[in-house]
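Overview (structure and organization)
One-letter residues, chain by chain:
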2 protein chains.
Amino acid sequence: MATIRDVAKRAEVSVGTVSRVLAGTKAVKTHLRERVQAAIEELDYKPNQSARALRTNRVDVIGLVIPDITNPFFAQLAKAIETEAASHGQFVMLANTHDDPETETRQITALLDRTPRGLIVVASSDSTDATIGSEVPILSIDRRFQDRPLVCVDNWEGSVQIAEHLHSLGHRRICYISGPPNTEVGRVRRDGFVHRIRDLTTRNDPVELEVHDSRFNFESGEKIGHDILSRPSETRPTAVAAASDQIAIGVMRAARDRGLSVPMDLAVAGFDDIDVSALAFPRLTTIRQPVNALAKAVIAPIMDVSIEAQDVKLKGSLIVRGSTVTSR
Amino acid sequence: MATIRDVAKRAEVSVGTVSRVLAGTKAVKTHLRERVQAAIEELDYKPNQSARALRTNRVDVIGLVIPDITNPFFAQLAKAIETEAASHGQFVMLANTHDDPETETRQITALLDRTPRGLIVVASSDSTDATIGSEVPILSIDRRFQDRPLVCVDNWEGSVQIAEHLHSLGHRRICYISGPPNTEVGRVRRDGFVHRIRDLTTRNDPVELEVHDSRFNFESGEKIGHDILSRPSETRPTAVAAASDQIAIGVMRAARDRGLSVPMDLAVAGFDDIDVSALAFPRLTTIRQPVNALAKAVIAPIMDVSIEAQDVKLKGSLIVRGSTVTSR
DNA sequence: TTGTACGCGTTATCAA
DNA sequence: TTGATAACGCGTACAA
């Protein structure tokens, strides 16, 4: 492997000059620059990343710590982050925590030992409060990690959109299936929904609302779906809003297994707009998260020190499909 | 940040001794080792990974190059690989190629510049033949990359299992929807299926088999599904075997949109056993890939030089569910 | 068994 | 604008 020295020798300049050509920023006389570039070409010289890292104490890497990459929404997030990072010349080091706070801490500290440019964390449901000192920026996305800045969709507003959608369709017996109350995202989505439904409730036009706590996954949705739908149709809700698409798909599954038809017997709405939402039957009404914009927002303060890391909230968009309205 | 020098000073030993304690392999007198360990503890010393990398010319990283992490099967693969890598103290650097051969080459060379322990590639459908020289082992998994060793499920045998399953259920008008013929996995799955069906065909008990080329994704399955199912029921196949679960789910979708019931009007089988296969309605009969074993097999030759990197084929298992048999 | 000193390849400083 | 050279922190050959 050719080193910077070899290049310098071949171009008959000093290593300093080669380094300056490489950096591109400093001024170098044209004829020297050309000689250097030719030498680089001829020797197929690649700067040694480890040496560069040792000297500058930084590496072209962004760490991404995520509960589980097989969760479709996290996969979409990871892809968007990786793509955005790549456009800044950064690689992504991936770590799954399997929703285990201990693994989370271990992975984070191990990642920090590599002096990455920044660290992006999707917190596991019960995040530790282990103290983590570091000079590199640590941000969280979707699920807040400790007291780090959080980039996420406007969960409250998204839930409000869903609430208004269901209410405007005439539903007056509504069930909300919440994410874990020990997660910020779970609470905010729930509270936004509940708040808006309460607001829409009048003496003349009352709305019955029941709320169930759950986890974000499919199985929980299916289980709670069965619980709810086992009741006689007069007391059963006519619409279910879920804190995630996965819950919603679980509910639809339960409905189908009980011979109920969606949306006629039961309207169902989700949150996130994971890819399978469009594959489910019927297709799922949901709030689409602006994943690419979220990725940009979380990478920006890492790559540009002039951008202060702070909470960012982006609007989601209501995607109306067959699980709440019949048509087409 | 404390350096090895600080530790040495505090423990009143030389840096050599500290290094030896760190390595753990060489002999160090117990009382010195204890002093060193105490100093490490007190100073919260962490070896500088960049310096270590420069010195040893290796980094605790395995590169993973994948077409698209949001593909559920690749996500499962990535998770298994990351978990297995972590158990060897390695991190995974992730790169999506978006199925673009040019991006693939670029990402691979960029990754190799970081001197990872090894590189695992799931090739994009039309892999380049760009020459890639490197000392680090490059393996492929699921989809072969150039002429690199491939770790994958026994695709031929899996297809044979599906063929036998459908045939034993009495289907004699069968359609196979193939993956891209320019991928090894697409061809092998198709050929295995076709071959076994031909073998099962006798003069007295003929089997009609039609084969359609496709891509691995949902949309292709849906489209071909509509093509096939638009035919009158007398000429239409009674069973469809698909080269991937995604195709199969697309076919089921087409069937449903046409008012056909699965499995009564049409049996459908997939391949891979992605998580949503169990969520589809009806649940999908498929071949389960042993992802964890695949991950182990691909990491082994990277972490243990005494294991030669070579093609590895592992058996998949037939998972029979509601998309081919009525019951429960 | 321990300590010393050199070199890994780069960037940054400083003098020319 | 260029060149010489000193770090960066660690591992290891070699001397003690």
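Given the structure is predicted, the values throughout are model-derived calculations rather than measurements. (Residues numbered from 1 in each chain as written. Chains lettered and ligands numbered in written order. Predicted model: local features only at pLDDT ≥ 70, side-chain atom pairs only at ≥ 80, totals over all residues. Heavy atoms only, no water.)

Attention now goes to the interface of chain B and chain A. It is common to report an interface's size as the accessible area lost on association of the parts. Contacts between the two partners involve 46 residues from chain B, matched on the other side by 46 residues from chain A. Together, the buried faces of chain B and chain A total about 4,100 Å²; carbon and sulfur atoms form 58% of this surface. In this assembly, chain B and chain A are joined by 7 salt bridges. D60(B) is paired through a salt bridge with R114(A); the nearest N and O atoms lie 4.0 Å apart. On the surface where chain B and chain A come into contact, there are 12 residue pairs in polar contact (both at pLDDT 80 or more). Mapped by element, the contributors of at least two residues to the side of chain B that touches chain A are α4 (49-56), α5 (72-86), β2 (91-96), α6 (101-112), α9 (218-229) and α10 (245-257) of chain B. At 6 residues, the largest contribution of residues to the side of chain B that touches chain A is made by β2(B). (Contact = heavy atoms within 4.5 Å. Buried area = accessible area lost by both parts, 1.4 Å probe. Salt bridge = Lys/Arg side-chain N within 4 Å of Asp/Glu carboxyl O. Polar contact = N/O pair within 3.5 Å; in protein donor to acceptor, adjacent residues only side chain to side chain. Helix = DSSP H or I, 4+ residues; strand = E, 2+ residues; numbered from the N terminus.)

Another aspect to go through is the UniProt feature "domain: HTH lacI-type" (unreviewed entry) in chain A. Under the feature "domain: HTH lacI-type" (unreviewed entry), the UniProt entry names residues 2-56 of chain A. For residues 2-56 of chain A, the end-to-end C-alpha separation is 20 Å, with 71% helix and 0% strand making up the annotated structure. (UniProt positions renumbered as here; feature names shortened; annotations may be inferred.)

Now for helix α10 (residues 245-257) of chain A. Residue pairs three or four apart in sequence face the same way in an α-helix, which turns once every 3.6 residues. Residue and element names in this part refer to chain A. Relative to the 18 Å expected for 13 residues at 1.5 Å per residue, α10 spans 18 Å between its end C-alpha atoms, a close match to the ideal helical length. Across the 13 residues that make up α10, a large majority, 11, are buried. Among all positions of α10, only D245, Q246, I247, A248, I249, G250, V251, M252, R253, A254 and A255 are buried. Packed against the buried residues of α10 are α5 (72-86), β6 (173-178), α9 (218-229), β8 (239-242), β9 (267-269) and β10 (286-288). Taken from the residues just after α10, G259 is the one with a positive phi, measuring 75°. (Expected span 1.5 Å × (residues − 1). Buried < 20%, exposed > 50% of the residue type's maximum accessible area, 1.4 Å probe, protein only.)

The full set close to DNA strand D counts 23 residues, and T17(A), R55(A), I4(B), Y45(B) and R55(B) are the nearest of them. At the protein interface, 58% of the atoms of DNA strand D within 4 Å belong to sugar or phosphate. K29(A) is positioned with one of its backbone polar atoms (N or O) 3.0 Å from a phosphate oxygen of DNA strand D. Measuring from a phosphate oxygen of DNA strand D, one finds a side-chain N or O atom of S19(B) at 3.4 Å. Contributions of two or more residues to the surface near DNA strand D are made by α2 (15-23) and α4 (49-56) of chain A together with α1 (4-11), α2 (15-23) and α4 of chain B. Sorting elements by how many residues they give to the surface near DNA strand D places α4(B) first, with 4 residues. For the surface near DNA strand D, the residue count by class is 10 nonpolar, 7 polar and 6 charged. (Near = heavy atom within 4 Å. Nonpolar A, V, L, I, M, F, W, Y, C, P; charged D, E, K, R; others polar.)

Let us look at the protein's contact with DNA strand C. Near DNA strand C there are 25 residues, and of these I4(A), Y45(A), R55(A), T17(B) and R55(B) occur at the shortest range. Each atom of DNA strand C within 4 Å of the protein was classed as base or backbone; sugar and phosphate made up 70%. Interatomic distance of 3.1 Å between a backbone N/O atom of S14(B) and a phosphate oxygen of DNA strand C. Of all elements in the fold, only α1 (4-11) and α4 of chain A together with α2 and α4 of chain B reach the threshold of two or more residues within the surface near DNA strand C. Per-element tally for the surface near DNA strand C: the top contributor is α4(A), with 5 residues. Of the residues belonging to the surface near DNA strand C, the class tally is 11 nonpolar, 7 polar and 7 charged.

Before going further, it helps to examine the sheet that holds β6(A). Residues and elements named next belong to chain A. Read across the sheet, 4 strands follow the order β7-β6-β8-β9 without closing on themselves; strand pairing throughout is parallel. Lying at the two open borders of the sheet, with one neighbouring strand each, are β7 (208-213) and β9. Adjacent strand axes in the sheet meet at a mean angle of 15° when their direction is disregarded. The pairing of β6 with β7 spans 6 bridges and is parallel. Among the inter-strand pairings, Y176 is bridged to a residue of β7, identified as V211. Sitting on the sheet, helix α7 (residues 155-168) is in contact with β6, β8 and β9, with an inclination near 170° to β8. (Pairing = 2+ DSSP bridges. Axes fitted to C-alpha atoms, helices over the stretch in contact; angles between N-to-C directions.)

Going through the model one piece at a time under the given rule, you end up with 4 aromatic pairs over all chains. Judged by centre distance (6.2 Å) and plane angle (50°), the rings of F73(B) and F74(B) are tilted. Across this residue pair, the class does not change: F73(B) and F74(B) are buried. Above the face of the F271(A) ring, R189(A) is positioned so that its terminal group lies 3.8 Å from the ring centre. (Phe/Tyr/Trp six-rings, centres within 6.5 Å; stacked < 30°, edge-to-face > 60°. Lys NZ or Arg CZ within 6 Å of the ring centre and 35° of its normal.)

All names here are of chain B. Strand order across the open sheet formed by 4 strands is β7-β6-β8-β9, with parallel pairing between neighbours. Each edge of the sheet is formed by a strand with only one pairing partner; in this case those strands are β7 (208-213) and β9 (267-269). Each adjacent strand pair in this sheet contributes to an overall mean axis angle of 15°, direction not counted. Looking at chain direction, strand β8 (residues 239-242) and β9 are connected through 3 bridges and run parallel. Residue V240 lies in a different strand from β9, and its bridge partner there is V268. The sheet strands contacting α10 are β6 (173-178), β8 and β9, and the helix crosses β9 at an angle near 160°.

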